[in-house]
Amino acid sequence: AHCTLRLKEFAKFVPAKLPSGMALVGVLWQGPPAMARKYLSDTRLGGPLLSDRDGAVCGRLGVGEFTAFVLDKQLTVRYRGEIDGLEAALAPFAR
């Protein structure tokens, strides 16, 4: 599936390029918990992947598809958006 391919591509750089002290949290838009667990198992993202079965959370946050959040040690959101823009957004925080 399209999402699985995108997540696998994303997982190639997450552990290596995620800045020190930051954590990844993913939100799977309109995906059941079992699908989130399978994606997480298949891709090894390096952080939790939360299920947003009915899209309500993504709707409230103004995001969709697969959304990534990167939090620092103070739980400040350093990035919020689709996975395609994450690598460039994290460049200023690179190790």
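Please refer to the structure higher up on the page.
For the structure given in this document, a descriptive report is provided here. (Residues numbered from 1 in each chain as written. Predicted model: local features only at pLDDT ≥ 70, side-chain atom pairs only at ≥ 80, totals over all residues. Heavy atoms only, no water.)

Things to note about the nonpolar core
Counting 17 residues, the largest nonpolar core has Phe-10, Leu-24, Leu-45, Leu-49, Ala-68, Val-70 and Leu-86 as its most contacted members. Where this core is concerned, the elements lending two or more residues are α1 (2-11), β1 (23-29), α3 (33-43), β3 (66-71) and α5 (86-90). Among the elements that line this core, the one with the most residues is α1, at three residues. Formed by six residues, the second largest nonpolar core is a distinct cluster that contains Val-27, Cys-58, Val-63 and Phe-69. (Core = buried A, V, L, I, M, F, W, Y, C linked by side-chain atoms within 4.5 Å. Buried < 20%, exposed > 50% of the residue type's maximum accessible area, 1.4 Å probe, protein only. Helix = DSSP H or I, 4+ residues; strand = E, 2+ residues; numbered from the N terminus.)

What about the pairing of β1?
Burial within β1 is extensive, with five of its seven residues counted as buried. Examined bridge by bridge, β1 and strand β2 (residues 49-52) share four bridges and lie parallel to one another. Within β2, the residue paired with Val-27 across the bridge is Leu-50. In this view, the connection linking β1 to its parallel neighbour β2 by way of α3 has right-handed handedness. (Pairing = 2+ DSSP bridges. Right-handed = clockwise from strand over helix to strand, strands pointing away.)

As for the pattern of salt bridges
A full pass over the atoms with the stated rule returns two salt bridges. Note that Lys-38 is salt-bridged to Asp-42, the shortest N-O span being 2.8 Å. With Lys-38 and Asp-42 both in helix α3 and four residues apart, the pair spans about one turn of that helix. For Arg-78, the salt bridge is made with Asp-72, and the minimal N-O distance between the two is 2.9 Å. Taking relative accessible area as the criterion, Arg-78 reaches 40% and is therefore assigned partly exposed. Overall, Asp-72 belongs to the buried group, its relative accessible area being 8%. (Salt bridge = Lys/Arg side-chain N within 4 Å of Asp/Glu carboxyl O.)

Some details on α3
For α3, the set of buried residues is Ala-36, Tyr-39 and Thr-43. Seen end-on, α3 carries its buried residues on one side only, within an arc spanning 65°. Structural note: α3 exposes Arg-37 and Ser-41 on the side pointing more than 90 degrees away from its buried face. Looking at the residues trailing α3, positive phi occurs at Arg-44, about 55°. (Arc of directions from axis to C-beta.)

Purely geometric numbers; function is a separate question.
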